[in-house]
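Given next are the chains, with one letter for each unit.
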Amino acid sequence: MLLKRIFFYLLSILVIQNVTAQQKPLQTAMNKMKLEFRLDEKGTPLYALYYNNKPVIQPSALGFSLADDSTFNYGFKILSNEKRSVDETWSPVWGEVNKIRNHYEELTVHLQQTQKANRLLNIVFRVFEDGLGFRYEFPNQPNLKYFIVTDERTQFKLSGDHKAFWIPGDYDTNEYPYTTSKISEIDNKDLVEKSTDIAVRVAPDRSAVQTPLMMKTNDDLYINIHEAALINYPAMQLHVDNRSYTLSSSLVPDAIGNKAYLQSPFNTPWRTIIVSDKATDILASKIILNLNDPCTFTNTSWIEPMKFVGVWWEMQTGKSTWSYANNRDEVTPDGNLKPNGKHGANTANVKRYIDFAAASGIKGVLVEGWNTGWEDWFGNWKDKVFDFVTPYPDFDIKELTHYAAAKGVKIIMHNETSGSVTNYERQIDTAFALMNRFGYTSVKTGYVGKIIPRGEHHDGQYMVDHYLYVIQKALQHNITVDSHESVRPTGLHRTYPNWMASEASRGNEYNAFSNGNAPEHETILPFTRLMGGPMDYTPGIFKLKGYSSVPNRQVHTTLAKQLALYITIYSPLQMAADFPENYEAKKDAFQFIKDVPVDWDDTKILEAEPGDYVTIARKEKGKANWFIGAITDEHNRTATIPLNFLDKGKKYNVTIYADAKDTDWKTNPEAYTITHVVSDANSILTLQLAKGGGAAISIMPL
Ligand code: NOJ
Ligand code: CA
């Protein structure tokens, strides 16, 4: 009897201790940002994030469903936890700034699921001054060796019905315009079904959105949710519960519906939540880069940021074609493809671009449509449509290589896969060997269309693995990559600086083959797509109307705004996308494109509001020159820019490329003014931006 009493007494102490231990959350904080972690009564891991003691993320569940255990999200106990602080500074190979501080408080929680096989799961939290990153770690363990994730069950319980800037949760494309709405109003069904611009498949979850998801609360807090270091795992989308304002991770499935095939030990990508009461801080955040691993190779001298022109806009606007022939079956009497007379990538035309690049001090010339296969690139031959090494008869690769080299210009390779990814993997060594042989150092890849043969999704684990496989192969060949139609970036350019840019969003090209991008589009991109890394947006269109045979088609910006995009859309690869003749016609404005660099020592986000305006100043790498880009949405606006970041006591030549008095993106987009003034650190510039307009400024020491 007594023994029994003692037993129950001890048990009750244990239970009470356990409950109090579970209820008192683990905490870690940095300045205004605080993270709490605890288990609920069912042993479900919960985390919460506070900014200035106000909840940004209310207690939200963490965990997984596995193929052999749909309940890997409760029944956990905390085995132990540990903390550490890190404060270090590193330098990127190229970037917006030359030094990045990585400063965080880390909490690692070691969990064990008690009722089933004692499986282990760690959750690592890093609290930064401007937000949180956390990831799951599956330690090496006998009872969880090879496993299939059927769902990740991470939640983000928002504190209210925030304003959100979103694109629908399509598994295969991110080339959507943004919708701005309340969280409670998110519904992408109509959007996806009505979309005539893109060959999308209907998103199976009408309430899912893609990340980076930008939000603004009613009391003006800015919150951005994305992920960092997406490796060997599907992209995370967010399912939106319109009533409880809860976002849940929704991983892009594979062709049969599974999410990820893993082997322990394994770390998931980091889930990131960037928070500030200033929109400019969101754009300045380095959390996503900091959560990626450092670059592991030391010889990076071959990685070269550059501007480029290209045989490209002519195909986009229908002036010429990628293909040399209209189709495979049309042949000449001697059995060769019958030329259609409109092929853009012919030797003479490519030389024209090389001459223009050389005369303008532009390093690269992209040539699309140089290789056989384009005559049926969507069609019957898809599995082996391209071999990536056989030029069309009118593209003299040897001659052009010598011609470009003699003029100090690099031709940029183009490898469109048309979704035939297994074919590309089979050919890639030969393709990159050809590049090495002819001195190509940079490739633009593309994944238009359905991924064959299995119908994997563009953003699923299989393709995430493929994109990185290409980057690693490219690394072996000293090649840099600009990927189109790939998964949106997650800061992997820290680890792999040869992955210089991707498209992974709705670029300027949509102004050529669709109704285009709304004037607000480029004011949202920095807060969404660009949070993960550089974008090949292809700015610099000067002929803003009359470039298309489709009536009323036009670019939805002014010319000055096209110039400003070289600053507001960051990329170490920037295209001057228009035709040489359109630049020749406006040489004074083209001077800005000639001058603007693509690699920076410093960046100041001067003003920003998602959907409305962005003004950024950047200092050229290794030089004393500054460049400013200011853009607005469909409203005109006055941008007031104090130049207090300039060196005190120095005088600067300032050239302002601005909208003219009567400029308007719709009625008069090409009117601009160029003004020269001398300024110093005490000067304040006042710029009038037209509707859909912008301004670009170069500032060089006297
Ligand atoms: C889509 C890309 O975004 C575009 O830049 C390219 O020209 C075409 N695919 C063809 O590869
Ligand atoms: Ca594209």
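You'll find the structure just up there.
Bear in mind that the values here come from a model prediction, so they are computed numbers and not experimental data. In this numbering scheme, every chain counts its residues from 1 along its sequence in written order. For this description, chains carry letters from A and ligands carry numbers from 1, given in the order in which they are written. Where local features are concerned, this predicted model is filtered to residues with pLDDT of at least 70; where side-chain atom pairs are given and counted, the filter is 80 or more; whole-chain, interface and lining totals use all residues. As a convention, hydrogens and water are excluded, and side-chain values are obtained from all of the structure's heavy atoms.

A. A look at the sheet that holds strand E23 (residues 306–311). Taken together, seven strands build an open sheet; the order of strands is E28-E27-E26-E25-E24-E23-E29 and the sheet is parallel. The sheet terminates laterally at strand E28 (499–502) and strand E29 (573–575), the two strands that pair on one side only. Strand-to-strand twist in this sheet, taken as the mean axis angle between neighbours without regard to direction, amounts to 30°. As judged from the four bridges shared by strand E26 (residues 442–446) and strand E27 (residues 480–483), these two strands associate in the parallel manner. The residue bridging Val443 from the neighbouring strand is Val481, located in E27. Only when DSSP finds a minimum of two bridges between them are two strands counted as paired. Secondary structure elements follow DSSP: runs of H or I no shorter than four residues count as helices, runs of E no shorter than two count as strands, and numbering proceeds from the N terminus. Note on geometry: axes are lines fitted to C-alpha atoms, helical ones only across the stretch in contact, with angles between N-to-C directions running from 0 to 180 degrees.

B. Highlighting empty space enclosed by the protein. The pocket and cavity definitions rest on a 1 Å grid over protein atoms only: a 1.4 Å probe that fits but cannot leave marks a cavity, an open set with protein on both sides within 12 Å along at least five of seven lines marks a pocket, and residues lining either have an atom within 4 Å of a point. Grid points are joined across faces, edges and corners, and a volume is the space filled by probe spheres set on the points. Here the structure, examined in full by the defined rule, presents five cavities of 30 Å³ or more. Size it by volume and the largest cavity reaches roughly 150 Å³. Together, 17 residues line the largest cavity, and Pro489, Thr490, Leu492, Trp499 and Ser502 are the ones closest to its centre. Elements that contribute at least two residues to the lining of the largest cavity include exactly helix H9 (461–476) and E28.

C. Layout of the pairing of strand E34 (residues 652–659). Of all eight residues in E34, seven are buried, a share of seventy percent or more. When E34 meets strand E35 (residues 672–679), the two strands line up antiparallel, connected through eight bridges. What sits directly across from Tyr657, in E35, is Ile674. Two strands pair when backbone bridges link them, and E34 and strand E37 (residues 694–701) are joined in this way by seven bridges, in the antiparallel orientation. Note that in E37 the partner of Thr655 across the bridge is Ser698. Exposed residues in this analysis have more than 50% of their type's maximum accessible area, buried residues have under 20%, and partly exposed residues fall in between, with area computed by a 1.4 Å probe over protein chains only.

D. Quick look at the packing of aromatic side chains. Note on aromatic pairs: the rings of Phe, Tyr and Trp (six-membered ring only in Trp) are paired at centre separations within 6.5 Å, and the planes decide the class, stacked below 30 degrees, edge-to-face beyond 60, tilted for the rest. Applying the stated criterion to the full structure yields 34 aromatic pairs. On the basis of an interplanar angle of 50° and a centroid distance of 5.8 Å, the ring pair of Trp370 and Phe395 is categorised as tilted. Note that Trp370 is positioned in the loop between strand E24 (364–367) and helix H7 (397–406) and Phe395 in the loop between E24 and H7, a separation of 25 residues in sequence. For the ring pair Trp377 and Phe378, a centre distance of 4.5 Å and an interplane angle of 35° mean the geometry is tilted. Here the aromatic residues Trp322, Trp374, Trp377, Phe378, Phe386, Phe388 and Tyr424 are joined through ring pairs into a cluster of three or more. Here, over-ring charges are defined by two tests on the NZ atom of lysine or the CZ atom of arginine: distance to the ring centre within 6 Å, and angle to the ring normal within 35 degrees. The ring of Tyr50 carries Lys34 above its face, with NZ or CZ at 5.1 Å from the centroid. If you follow Arg494 out to its NZ or CZ, it ends over the ring of Trp90, 3.7 Å from the centre.

E. How the structure looks around the site of ligand 1. Lining the immediate environment of ligand 1, one finds 13 residues, of which Trp312, Glu368, Glu416, Lys444 and His484 sit closest. Contact distances for ligand 1 include 3.4 Å between an oxygen atom and a side-chain N or O atom of His414. In this structure, an oxygen atom belonging to ligand 1 sits 2.6 Å away from a side-chain N or O atom of Glu416. Using the Shrake-Rupley algorithm and a 1.4 Å probe, accessible areas are obtained, with residue cover drawn only from the displayed protein chains. If ligand 1 stood free it would expose 290 Å²; the protein chains cover 94% of that surface. Note on terminology: near, applied to a residue and a molecule or strand, indicates that one of the residue's heavy atoms is within 4 Å of it. Each polar contact in these results corresponds to two N or O atoms within 3.5 Å; when the atoms are within protein, one needs to be able to donate a hydrogen and the other to accept it, and residues that are neighboring in sequence are counted only if both atoms are side-chain atoms.

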